[in-house]
Amino acid sequence: MVKSTGLKRRDFISANDAVAYGVKLCRPEVIAAYPITPQTTVVEKLSEFIENKEMACEYLNVESEHSVMSAVMGASLMGCRTFTATSSQGLLYMCEMLHYVSGSRFPIVMMNANRTVAAPWNIFGDHRDSLAMRDSGWMQVYVENGQEALDTIIQAYKLAENPKVLTPVMVCLDGFVLTHTYELVDIPDQSAVDAFLPPFVTENKLDLAKPKSLCITAPPEWQTEFRYQQYEAMKEAKKLIPGIDKEFAAHFGRSHGGLIEEYRCEDAEYVLMAMGSVVGTSRLVVDKLREEGLKVGLVKVRFYRPFPKEELASIGSKVKAVGVIDRDISFGYEGALYADVKAALYNSQGTCPRTINFIAGLSGRDITKENLEMMYRKLIKAAQGQAEEEIQFVGLRWEQW
Amino acid sequence: MVNVRNLPDQELFYGHKACQGCGAATAARLVLKITGERTFLAYPASCISTVSTIYLQMAFAVPSLTMAFPATGAVLSGMAAAVKAKKLENVTVLGIAGDGGTADIGLQALSGAVERGDKILYVCYDNEAYMNTGVQRSSLTPYGAWTTTTPIGENEDSFGKRKFKKNLFEIMMAHRIPYCATASVSYPVDFLNKIEKAKDTDGPSFIHVMAPCPTGWGFPSDRTIEIGRLAVETGLWYLAEYENNKVKMNLVPKTFKPVEEYLKKQKRFKHLTDEHIAIIEKHRDEEWATMGQRYGF
Ligand code: SF4
């Protein structure tokens, strides 16, 4: 028996379910699915919607993630709005196809349940999977909670399908911490979503009336021009993102920030920057330390690609120290987000603050309030000139942290 | 029934850069003559993609795309789903892929598409190696064939590929696919009629067509059809159809021509000794005996 999936205005659901509701409201025409923990319940939910005829959509159970991305690309290049979801090894397995999709400019929206990458094998979350896909030409957005997950799916189609953008979007949710956590989520009306997101219409498709070849081979004389257009599309997206969030707010009464969201940064001197669910816990820590009179602030880096370079630089130029939480590590260098943030700060015109990279929450390890508080205190000490390691692994078992 | 008299004049694949006498290009051209303008075409990395769609010169007159090497089956599934979603009628979702892109790297996606029963027509042109990258061994390269990755070395026991060709037709039959066939560009009427049948199949259909490659096999480019015929006449290739859980042989030669007649005309086999030739002949006889028992001819 399939459970009824009737909509309530507000429902107590997991973030994965929130994604599924978001997708349903966007009326995709083709979904392809391959199971991987902790993504699975999204495509299960969508298959229920379709089986119950709550959604008119073709649903393909495909035999691998490589094929999933190929199948949604096949549908997208015929002009269909499409969706799929994956995680971890699955994302890595579809890596080749991510490049085909972005290079051919198909605006596919995909959810990635952030989960670490083997080995050691582990099903819990960090950002090593999606950050490894940094240069796949996909936009990447990291959400903080279930509500933002649902809303971001709707925004993602709007962004991806803009004719000036035509670039796929990966909506990233922290595995288990978000995907399997239940919270009250507001589910918009179909009519409101329809008013915000028109049906997908594109010239970039296979069309019997206008035969053309897509996804072709471009020799050295042309490849650069294609790449330049992709680069320009991301720049265009960057301009559009804050506006889409504003427009969303006008329709639905909620905003999640555009490229970034600042929390108590106005007069802050010590700022942590982070992506995903840890932002939620960090807000509480900021509030606590603010009560102690410490001028701390927080930046949610919502979009990782396109990267909010100028936005972060402008914050960095006003503060004494910046800490970056990375739920990943680029071996042989430093955290991926940190490297990008540091480069952004270096380019700023103002004085460059002290910076520390906190490597935390790998493979699902909790990032506690105590950890976060310690990070702020380290930033303050560093700003006062105390020696601090630049790259710090948070809470190593053989160290007092 | 299709024949030379009612075959459409319309060409949907021309101006490409294939080598003279390319069997694969002939196969693609013939397939499109039957599927016609209402075809959505996908092909993976292969000779067909390289000779047809290097920007700015596009050789297909139907909507088409180049696909990742392993992805043809899956992208066709997505296209077929889109055909349903968009309620398009009277169209063919067609894949044309080489032996490597089908029997090796593309096998997973093809198997998935067939298992799901997606309405696609998949044509594998078999030139018996990775020709596009310069004649490397595939699982459909025949026993004894020289390729750049089964070279003829200094050792006495070096003779090219040491394994026999994988049986793709049987792999597809094992899926209980609604329609599958083997064909040869050297038997165009047979091939064309199979395409027509495949096109009208409700569900997935598959055609494995032998497409001799003058460049990779080493024969003069005006001998393609003759070489393809010899493959059938010597019993090293066969023409068959699978439908309703039954196999029909389209041509059972009363006697086989000696395999040397085929092998000796190609540079890729020129190193073979009498011993190797005897092994090939024996293998052929065993295969035909097995087929005869299984399929009752
Ligand atoms: S190498 Fe062979 S298959 Fe490729 S284009 Fe030339 S003749 Fe055709």
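Because the structure is predicted, anything quoted here is derived from the model rather than measured.

Helix and strand counts for chain B stand at 11 helices and 10 strands. In terms of overall dimensions, chain B is globule-like: its C-alpha atoms have a radius of gyration of 18 Å, near the 19 Å expected for 297 residues. Relative to its full complement of 297 residues, chain B shows a buried share of 58%. Counting only contacts in chain B whose residues sit at least 6 apart along the sequence, the fraction spanning at least 24 positions is 69%. Within chain B, the 31 negative side-chain charges are centred at a point lying 4 Å from the centre of the 34 positive side-chain charges.

Bringing a negative patch on the surface into the picture now. Residues and elements named next belong to chain B. Taken together, Glu260, Glu261, Asp274 and Glu275 make up a surface patch of like negative charges. Of all the secondary-structure elements, those providing two or more residues to the negative patch are α10 (259-263) and α11 (274-295). Inspection of the secondary structure assignment puts glutamate 275 in helix α11.

It is worth spelling out the packing of aromatic side chains at this point. For the coordinates displayed, the defined rule picks out 23 aromatic pairs over all chains. Aromatic side chains Phe196(A) and Phe252(A) sit 5.7 Å apart centroid to centroid with 75° between the ring planes, which places their arrangement in the edge-to-face category. Residue Phe196(A) is located in helix α8 (residues 190-196), and its partner Phe252(A) is located in helix α9 (residues 220-252); the two are separated by 56 residues in the primary sequence. The same class applies to Phe196(A) as to Phe252(A), namely buried. Ring centres of Trp288(B) and Phe297(B) lie 6.0 Å apart, and the angle between their planes is 85°; this geometry places the pair in the edge-to-face category. Of the aromatic side chains, those joined through ring pairs into one cluster are Phe169(B), Trp237(B), Tyr238(B), Phe256(B), Trp288(B) and Phe297(B). When the ring centre of Tyr263(A) is taken as reference, the NZ or CZ atom of Arg283(A) above it lies at 5.2 Å. Its end group placed over the ring of Tyr304(A), Arg305(A) keeps NZ or CZ at 4.5 Å from the ring centre.

Now for the domain arrangement of chain A. All names here are of chain A. On domain assignment, one finds that chain A holds domain 1 (9-252) and domain 2 (260-393). For domain 1 and domain 2, the distance between their C-alpha centroids amounts to 28 Å. Each partner contributes to the interface: domain 1 provides 28 residues, whereas domain 2 provides 31 residues. Between domain 1 and domain 2, a total of about 2,300 Å² is buried, with carbon and sulfur atoms accounting for 55% of that surface. Summed over the shared surface of domain 1 and domain 2, the result is six salt bridges. In this structure, glutamate 144 and lysine 300 form a salt bridge, with 3.1 Å as the shortest nitrogen-oxygen distance. Run the count over domain 1 and domain 2 and you get 18 residue pairs in polar contact (both at pLDDT 80 or more). Those elements giving two or more residues to the side of domain 1 that touches domain 2 turn out to be α6 (128-131), β6 (139-142), α7 (146-160) and α9.

This brings us to helix α5 (residues 107-116) of chain B. Of all the positions in α5(B), only Ala109(B), Leu110(B), Gly112(B), Ala113(B) and Val114(B) are classed as buried. In this structure, the buried side of α5(B) is in contact with α3 (65-76) of chain A together with α3 (72-85), α4 (99-104), β6 (121-126), α6 (168-174) and β8 (205-210) of chain B. Looking one or two places after α5(B), you find Gly117(B), whose phi comes out positive at around 80°.

Residue and element names in this part refer to chain A. Read across the open sheet, the seven strands follow the order β3-β2-β4-β5-β7-β6-β13; overall the sheet is mixed. Every interior strand has two partners, whereas the edge strands, β3 (58-61) and β13 (303-305), have only one. Within the sheet, the average angular offset between the axes of one strand and its neighbour, ignoring direction, is 20°. Direction of pairing for β6 relative to strand β7 (residues 169-174): parallel, over a ladder of four bridges. The residue bridging tyrosine 142 from the neighbouring strand is cysteine 172, located in β7.

Residue and element names in this part refer to chain A. Using the criterion set out here, one finds 52 salt bridges over all chains in the structure. Taking the shortest distance from any N to any O, the salt bridge between arginine 10 and aspartate 186 comes out at 4.0 Å. Here aspartate 186 lies in strand β8 (residues 182-186) and arginine 10 lies in strand β1 (residues 10-14), a separation of 176 residues in the sequence. Classification of aspartate 186 as buried rests on a relative accessible area of 14%. Where arginine 264 meets aspartate 287, a salt bridge forms, and the shortest distance between an N and an O atom there is 2.9 Å. Of this pair, arginine 264 sits in the loop between β10 (260-263) and β11 (270-274) while aspartate 287 is found in helix α10 (residues 278-291), placing the two residues 23 residues apart along the sequence. The exposure class assigned to arginine 264 is partly exposed, which follows from its relative accessible area of 33%. Here the salt bridges do not stand alone but share partners, grouping Arg9, Arg10, Asp151, Asp186, Asp189 and Arg254 into one network.

On to the state of the cysteines, then. Residue and element names in this part refer to chain B. This model, assessed by the stated rule, comprises zero disulfides over all chains. The thiol sulfur of cysteine 124 is not disulfide-bonded, and the nearest other cysteine sulfur, from cysteine 180, lies at 11 Å. Judged by relative accessible area, cysteine 124 falls into the buried class, the value being 0%.

Further remarks concern unusual backbone geometry. Looking along the chain, the bond that leaves Ala119(A) and enters Pro120(A) is cis, with omega of -5°. When you line up the elements, Pro120(A) lands in the loop between β5 (109-114) and α6. If you check the backbone angles, Ser88(A) has positive phi at about 45° while not being a glycine. As for its placement among the helices and strands, Ser88(A) is situated in helix α4 (residues 88-93). Even without being glycine, Asn244(B) reaches a positive phi, approximately 45°. For Asn244(B), the position within the fold is in the loop between β9 (240-243) and β10 (246-249). Taking the relative accessible area as the measure of exposure, Asn244(B) reaches 66% and is therefore exposed.

For the rest of this paragraph, the subject is the environment of Asp328(A). All names here are of chain A. With respect to the helices, strands and loops of the structure, aspartate 328 is situated in the loop between β14 (321-326) and α12 (336-347). Under the relative-accessibility criterion, aspartate 328 is labelled buried at 3%. Counting along the chain gives 196 residues from aspartate 328 to alanine 132, while the straight-line C-alpha distance between them is 9.4 Å. Apart from the residues lying within four places of it in its own chain, the contact partners of aspartate 328 are His127, Arg128, Leu131, Gly335, Ala336, Ile359 and Leu362. Polar side-chain contacts of aspartate 328 include one of 3.0 Å to the backbone nitrogen of alanine 336.

Calculation notes
- Residues numbered from 1 in each chain as written.
- Chains lettered and ligands numbered in written order.
- Predicted model: local features only at pLDDT ≥ 70, side-chain atom pairs only at ≥ 80, totals over all residues.
- Heavy atoms only, no water.
- Helix = DSSP H or I, 4+ residues; strand = E, 2+ residues; numbered from the N terminus.
- Rg over C-alpha atoms; globule rule 2.2 N^0.38 Å.
- Buried < 20%, exposed > 50% of the residue type's maximum accessible area, 1.4 Å probe, protein only.
- Contact = heavy atoms within 4.5 Å.
- Lys, Arg positive; Asp, Glu negative; His and termini not counted.
- Charge placed at Lys NZ, Arg CZ, Asp CG, Glu CD.
- Patch = residues over 30% accessible without salt bridge, like charges linked within 9 Å, V, L, I, M, F, W, Y side chains within 5 Å.
- Areas by Shrake-Rupley, 256 points an atom, 1.4 Å probe, with all protein chains shown as cover.
- Salt bridge = Lys/Arg side-chain N within 4 Å of Asp/Glu carboxyl O.
- Phe/Tyr/Trp six-rings, centres within 6.5 Å; stacked < 30°, edge-to-face > 60°.
- Lys NZ or Arg CZ within 6 Å of the ring centre and 35° of its normal.
- Domains from an automatic or database assignment.
- Buried area = accessible area lost by both parts, 1.4 Å probe.
- Polar contact = N/O pair within 3.5 Å; in protein donor to acceptor, adjacent residues only side chain to side chain.
- Pairing = 2+ DSSP bridges.
- Axes fitted to C-alpha atoms, helices over the stretch in contact; angles between N-to-C directions.
- Disulfide = S-S within 2.5 Å.

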